[in-house]
Every structure is written in structure tokens, then in C-alpha cells.
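# A look at the structure
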Amino acid sequence: MQRHHHTRTPSALLPRLLLAVLLGLTAGTTVRAQAPLPVVASFSILGDLVAQVGGERVTVRTLVGPGGDAHVYEPTPADARALSEARLLVTNGLGFEGWMERLVAASGFSGIQVVAAEDVVPRRADSDDPGAHGGDIDPHAWQDPANVALYVERIRAGLTEADPAGAADYRARGEDYAAALARLDADIRAALAEIPPARRQVVTSHDAFGYYADAYAIDFLAPVGVNTEAEASAADMAALIRQIRAESIPAVFVENISDPRLVEQIRRETGARAGGTLYSDALSSQDGPAGTYLDMMRHNLDTLTAALVPAPEPVPEQTPEPAPEPAPEQAQGVSSTTVNQDR
């Protein structure tokens, strides 16, 4: 029996080879399209906001990490390398990152820059504050959740510009986060409503809570201005101590980024209560009490209310009234006599 061998000619293989090449190119394009967008954020609070809006479509490198003080930060060569590889840079603005312009120039960064606080109405620091950023501008706008909603919109727009394919995802995540901010604001207002106006005064390490004070009618006093690089003068300290004593300010709070010794000195000299730690310019580590912006704000709210809400008045103990003396029993003989008389 004769066998027939079919030999595939190069022309017969060509369509299959072309198909394989096209499939390979398509797969490569898909992999490249799914690669996360590299983003650099100037400090930990912004890093969290970018991660919340960006989700899995982004990788975030934070320059000033948890517990770090952006006021006194010194960029490193590793920061310059990370920035040179990023496609998006997110900063606070309002003069907060005084070192950022030098870092951008050194890195050769040529991507998209987002200034998160660009739409915020700036709060003016005290005119005699030697630690004011950018003149007399207070940069701590994130202490008001309404401002953070503006941050989130700026971040969403920047992510969409850098990664148009993710526009719908960024929009949805941004809207979800804006709703969470609205709930946070409502919770803060409800909790602080329990504090009498006379007790709405606290002392912190530096003047980082001005936007919070304006939004929620709490008076924050600090020996140092809006910049931690400034130092409290002896005259400022003496005036603050006199005010705390005169107004019976109930509590002093340490900030997570500040040296606690100054606040401890104030507490000792005034007898004010140690209220705990507030997170001002940086988050905690992920396993800490303020690992995200929302967690930070709720931790601060819990810490403030625990120190400022008056303790309930103790209910006076009521001395039980003595039991009445039992009525003397009638003599059995009298009853018998009465019965006998009826008979």
C-alpha cells in the first residue's frame, strides 16, 4: 500500500506565523496597558488620597512617609530617581513643600504636576507668625474634609490626564471617596456638638489645625506657628501659659510629628490635662491608629472628644428611707371578747 506524505510548504505556514506574531503583539500591548501608573506624592496624606482614587491602576511613592515632618524634610538622591521615573507628581501647594522646586529641577521630571490645594480658599496665618509658609498662608488645608474633596477632584483630573483609559474608574472611586468625606464631616459635627462652647479650647504643638478650627468652631492654641521650623519664644510661652490658666483650658495635645517636651512643659506649669496625640501633618504606619486620612480624622475626633466632652454629673446616692415600724398586733383576747359580746 502506498503512503502519501504531505509536506507543508513555507507559503502554507505563513498565515499561521502571521497570526502568532499578531497575537504576541496584542498580548504585549495588553500587558503594557495594564502596567500601573507611577505616581509620586509629596507626603503621606496625599499618598493615601492618590491610592484611594487610583486603586490598582496606580503605584504610589510617597516622599515624606508616615510620621515624617515635611516642614523640615531634605530630599534624597533616591527621591530624585523616583521622581524621574514618575508620570504624575502630586503636591499640596500653598508653600508647604519649600524643597519641591529644587527636587523637580534635580530629577529632570517632565510628567504631569497636580497641586492638590489649587482650588482651596487659603487661610491666612497670624500676621506675626514667624513660621508662616509662603508669606502668611496656612498650608494645612487637609484638616477640613471639605477641602480634601477639592484635593480629590484635582487628583482625579490628574490621573485621568495621565491615564485616560482609567477615567471611568477614577471617577467612580473619586465619587465614593467624596461620599465618605461627607459622612466624616457630618460625624465630626455631631460629635463636637456635645462639647460646650466654653470647653472648645485646646493647646497643640504647632498651629496646624486652623482649617479645622474654622470649620468646627474649636479654638486651637499653639506655642509655635504653622511651620515646625519656628521656635517658641519665652514671651510667647509665658503668654500662652497665662491664657491657659486664666481661661481654664482643659487639655493640651501632642502632635505625632513634634517633640512632645514643649507641650509637656506647658502641661506641668498649667495643670491642664494631657489629652493624647493628634495627627496633624502625617499619617501613622498602616498598623497604627491613623493609617489613612479617614482614620486620622476619626482618631483625632475621638481624642478631642474624650478630653473635652464633660464627664456626666454623678448621680447622688439616695439614702433609703427606713422601713416603717410594723403596726402592733391586736391582743387575741380583745378580739375574742368582741366576738363573745356579739353572741
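Reference entry: report on the structure contained in this document.

Calculation rules
- Residues numbered from 1 in each chain as written.
- Predicted model: local features only at pLDDT ≥ 70, side-chain atom pairs only at ≥ 80, totals over all residues.
- Heavy atoms only, no water.
- Buried < 20%, exposed > 50% of the residue type's maximum accessible area, 1.4 Å probe, protein only.
- Helix = DSSP H or I, 4+ residues; strand = E, 2+ residues; numbered from the N terminus.
- Arc of directions from axis to C-beta.
- Contact = heavy atoms within 4.5 Å.
- Salt bridge = Lys/Arg side-chain N within 4 Å of Asp/Glu carboxyl O.

### Some remarks on helix α3 (residues 77-85)
Buried residues of α3: Asp79, Ala80, Ala82 and Leu83, and no others. Burial along α3 is one-sided: seen end-on, the buried residues are contained in an arc of 165°. Exposed and oriented more than 90 degrees from the buried face of α3 are Pro77, Arg81 and Glu85. Contacts made by the buried residues of α3 are with β1 (37-43), β2 (58-64), β3 (88-91) and α4 (100-107).

### A look at unusual backbone geometry
Even without being a glycine, Ala217 presents a positive backbone phi close to 55°. On the basis of relative accessibility, which here comes to 53%, the residue Ala217 falls in the exposed class.

### Let's talk about the pattern of salt bridges
Tallied over the full model, the rule gives nine salt bridges. Residues Arg57 and Asp163 are paired through a salt bridge, measuring 2.9 Å at the closest nitrogen-oxygen approach. Here Arg57 is found in the loop between α2 (44-54) and β2, whereas its partner Asp163 is found in the loop between α5 (145-162) and α6 (167-192), with 106 residues between them in sequence. The exposure class of Asp163 is buried, given its relative accessible area of 12%. Arg298 serves as the salt-bridge partner of Asp187, at 2.9 Å between the closest nitrogen and oxygen. A residue pair is termed long-range when its members are at least 10 positions apart, and Asp187 in helix α6 and Arg298 in helix α10 (residues 293-308) qualify at 111 residues. A relative accessible area of 36% places Asp187 in the partly exposed class. The exposure class of Arg298 is partly exposed, given its relative accessible area of 32%. The network of salt bridges with shared partners includes Glu118, Asp119 and Arg154.

None of this, on its own, says anything about what the molecule does.
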